[in-house]
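Single-letter residue listing:
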Amino acid sequence: MTQGKAQPAYATLASDLRRRITTGEYPPGGMIPSETALMETYGVARGTVRQALAELEREGLVVSHMGRGRRVQGQAAEDAKPSTRYEDVANQLRAAIKSGEFPPDVRLPGEPVLAGRFGTARITVRKALELLQQEGLIVVVPSKGRFVATGPPDTKSED
């Protein structure tokens, strides 16, 4: 066995990602680059990337969201720029709902219409709508569509 061997590639990658997180290059709530992007950037195999990310998850620095990527643990700052396009679309829809453009109990336009409005793919709109549904701002009525919730969680009517 050879003494003084350098640390494994995944440990080197995890160390660099850890540094980027602690210095704020990847801020709380922000996205970690995709596995493919990390593979290209660091010139390593997917397994190496996955081992490094798993280590960061075990440490509690990174949280994995199935189908949505990995984020740095913590809440994003209020003035933080959205990390993904679907979050940007969700922010714009949230603002339209809060401004009254889409009042309570009104059916939202369909995915194709919203995709055209925001100049994005339908899947991006779908993810944005799912996010707003999780927040309780919109509800899905089977066979009818998506509607603005009667009382969004953050606004209370004062009657």
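A. Looking closely at the overall build of the protein. When its secondary structure is counted, the protein shows 6 helices and 4 strands. The buried share of the protein, taken over its 159 residues, is 33%. Taking the intrachain contacts of the protein between residues at least 6 apart in sequence as the baseline, contacts between residues at least 24 apart amount to 54%. Counting only carbon and sulfur atoms, one obtains 52% of the accessible surface of the protein, whose full area is about 9900 Å².

B. Expanded view of the side chain of T124. One can find T124 in helix α6 (residues 122-134). Under the relative-accessibility criterion, T124 is labelled buried at 15%.

C. Here's a closer look at the nonpolar core. Counting 19 residues, the largest nonpolar core has L93, F102, L129 and L132 as the members making the most contacts within it. Taken together, the elements giving at least two residues each to this core come down to α4 (85-99), α5 (111-118) and α6. At 6 residues, α4 tops the list of elements feeding residues into this core. Here L129 is in contact with L93, L108, E111, L114, I138 and R146, once residues within four sequence places are set aside. Membership of the second largest hydrophobic core comes to 13 residues, among which are I32, V49, L53 and V72.

D. Fine view of α6. Between the first and last C-alpha of α6 there are 18 Å, a value that for 13 residues agrees with the 18 Å anticipated at 1.5 Å per step. Listed as buried for α6 are T124, V125, A128, L129, L131 and L132. The buried side chains of α6 occupy one side of the element, clustering within an arc of 155° when seen end-on. Those residues of α6 hidden inside the fold are in contact with α4, α5, β3 (138-141) and β4 (145-148). G136 occupies a position one or two residues after α6 and carries a positive phi of about 85°.

E. Broad picture of the packing of helix α2 (residues 35-42) against helix α3 (residues 46-58). It is at 9 Å that the axes of α2 and α3 come closest, and there the two elements cross at 110°. Classified by the interaxial angle, the pair formed by α2 and α3 is roughly perpendicular. For the pair α2 and α3, the crossing hand works out as right-handed. Of α3, the residues touching α2 (which contributes E35, T36, L38 and M39) are R46, V49, R50 and L53. Of the residues in the contact of α2 with α3, the class split is 4 nonpolar, 1 polar and 3 charged.

F. Local environment of the environment of I123. The topology assignment puts I123 in helix α6. Along the primary structure I123 and P112 are separated by 11 residues, whereas in three dimensions their C-alpha atoms are 9.7 Å apart.

G. Just the side chain of R20, in detail. Summarising the element assignment, R20 is placed in helix α1 (residues 9-22). If we ignore the near neighbours within four places in the chain, the residues touching R20 are E25, Y26 and Y42.

H. The confidence of the model for the protein, seen in detail. In the predicted model, the protein carries a mean pLDDT of 84, and 85% of its residues have values of at least 70. Averaged pLDDT values over the elements of the protein bottom out at 84 in strand β2 (residues 69-72) and peak at 94 in α3. Long-range and interchain partners of residues 154-159, a stretch whose pLDDT sits below 50, account for 2 contacts in this model, where long-range means more than four residues apart.

I. Structural detail: the pattern of salt bridges. On inspection of all chains with the given rule, the structure shows 15 salt bridges. R20 serves as the salt-bridge partner of D16, at 3.2 Å between the closest nitrogen and oxygen. With D16 and R20 both in helix α1 and 4 residues apart, this pair spans about one turn of that helix. In terms of burial, D16 and R20 fall into one category: buried. Between E101 and R117 there is a salt bridge; the shortest N-O distance is 2.8 Å.

Rules used in this analysis
- Residues numbered from 1 in each chain as written.
- Predicted model: local features only at pLDDT ≥ 70, side-chain atom pairs only at ≥ 80, totals over all residues.
- Heavy atoms only, no water.
- Helix = DSSP H or I, 4+ residues; strand = E, 2+ residues; numbered from the N terminus.
- Buried < 20%, exposed > 50% of the residue type's maximum accessible area, 1.4 Å probe, protein only.
- Contact = heavy atoms within 4.5 Å.
- Areas by Shrake-Rupley, 256 points an atom, 1.4 Å probe, with all protein chains shown as cover.
- Core = buried A, V, L, I, M, F, W, Y, C linked by side-chain atoms within 4.5 Å.
- Expected span 1.5 Å × (residues − 1).
- Arc of directions from axis to C-beta.
- Axes fitted to C-alpha atoms, helices over the stretch in contact; angles between N-to-C directions.
- Parallel < 35°, antiparallel > 145°, perpendicular 65-115°, else oblique.
- Left-handed = near helix turned anticlockwise from the far one by under 90°.
- Nonpolar A, V, L, I, M, F, W, Y, C, P; charged D, E, K, R; others polar.
- pLDDT = per-residue confidence, 0-100.
- Salt bridge = Lys/Arg side-chain N within 4 Å of Asp/Glu carboxyl O.

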